[in-house]
Amino acid sequence: FVLVMNPDTVCINPNFVFDLVEFAECHPRVGAVGPRVYLRSRDRVQNTVLTFPWLWRRAWGMLRSRLMGNPLRSGNRPLRAEVLNGVCVLFRAEALFEVGLFDAQTFAYIEDVDWAYRAEQVGWQRWYVPIDSIIHEQKESGYHRGSNVDFLLKRNTLYFLLKTGHR
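Since we're looking at a predicted model, the values are computed, not measured. Every chain begins its residue count from 1, and numbering advances along the sequence as written. Owing to the predicted nature of the model, reporting of local features is limited to residues with pLDDT of at least 70; listing and counting of side-chain atom pairs is limited to 80 or more, with chain, interface and lining totals taken over all residues. Side-chain calculation: all heavy atoms of the structure are included, whereas hydrogens and water are not.

We now examine the overall build of the protein. Helix and strand counts for the protein come out as 5 helices and 8 strands. Starting at the N terminus and walking to the C terminus, you meet the elements of the protein as β-β-α-β-β-α-β-β-β-α-α-β-α. For each residue, the accessible area found with a 1.4 Å probe, counting protein chains only, is set against the maximum for its type, and the residue is called buried under 20%, exposed over 50%, and partly exposed in between. Among the 167 residues that make up the protein, the fraction classed as buried is 44%. Intrachain contacts of the protein at a sequence separation of at least 6 include 82% that bridge at least 24 residues. Each helix is a run of DSSP H or I of at least 4 residues and each strand a run of E of at least 2, with the numbering of both proceeding from the N terminus. By definition, residues are in contact when any of their heavy atoms lie within 4.5 Å.

Right, let's get into the packing of aromatic side chains. Between rings of Phe, Tyr and Trp, where Trp is taken as its six-membered ring, a pair exists when centres lie within 6.5 Å; planes separated by under 30 degrees are stacked, by over 60 edge-to-face, and by other angles tilted. Overall, the coordinates contain 8 aromatic pairs when judged by the stated rule. Here Phe 23 and Trp 127 contribute two aromatic rings whose centre-to-centre distance is 5.9 Å and whose plane-to-plane angle is 55°, an arrangement assigned as tilted. Here Trp 127 lies in strand S8 (residues 125-136) and Phe 23 lies in helix H1 (residues 16-26), a separation of 104 residues in the sequence. Through pairs of rings, three or more aromatic residues link up here, namely Phe 52, Trp 54, Tyr 117 and Phe 160. Distance and angle both matter: a charge sits over a ring if NZ of Lys or CZ of Arg is within 6 Å of the ring centre and within 35 degrees of the ring normal. Geometry around Trp 124 places Arg 29 over its ring, the cationic atom sitting 3.9 Å from the centre.

This part is about the environment of Phe 160. Topologically, Phe 160 is positioned in helix H5 (residues 148-163). Residue Phe 160 is classed as buried on the basis of its relative accessible area of 1%. In sequence terms Phe 160 and Val 113 are 47 residues apart; their C-alpha atoms lie 8.2 Å from each other. Contacts of Phe 160, omitting those with residues within four sequence positions, involve Phe 52, Pro 53, Trp 54, Ile 110, Val 113, Asp 114 and Tyr 117.

In this structure, Arg 40 takes a positive phi of about 70° despite not being glycine. Within the secondary structure, Arg 40 sits in the loop between strand S3 (30-39) and strand S4 (49-50). Judged by relative accessible area, which is 28%, Arg 40 ranks as partly exposed.

Mapped onto the elements, Thr 164 comes out in the segment after H5. We define a polar contact as two N or O atoms separated by no more than 3.5 Å, with the added condition that, inside protein, one atom must be a possible hydrogen donor and the other a possible acceptor, whereas residues neighbouring each other in sequence contribute only through side-chain atom pairs. For Thr 164, the side chain forms a polar contact with the main-chain oxygen of Leu 161, separated by 3.3 Å. For Thr 164, the residues in contact, after removing those within four places along its chain, are Trp 54 and Tyr 117.

Here it is as structure tokens:
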């Protein structure tokens, strides 16, 4: 197994890796498993269960979020995920060998989406497991429209869509 975590994290449960390994060992087709991650404090769960960014889904998601808010998919039950946010993911080494590593063209943002798509193509599952793990101390600024992060998210999403033939 290989654990990938962002550098701006603090571990709050040193046993979470053992728990993730135990889950993965009980489910041999799980190529990646992600734990519950908190955003900036233990008061806020980060939504680490993501979906593929197909354009029709993006349009519906923007409308839904304006009307009803964003749904929290990182809840209290294990859940099969399309995509796990790369902030903290345990990968099965066998899956990494078969699927490959993150695409160096995306180096930040959407690399987790691309990996999940490639894993899906060869039958590796991704699961969220509600095991407390880390606090992601992501900075609050720099995510506004026109920022470098905004640019990278849009550029890398476009690259992913073109790469996978979703125009």
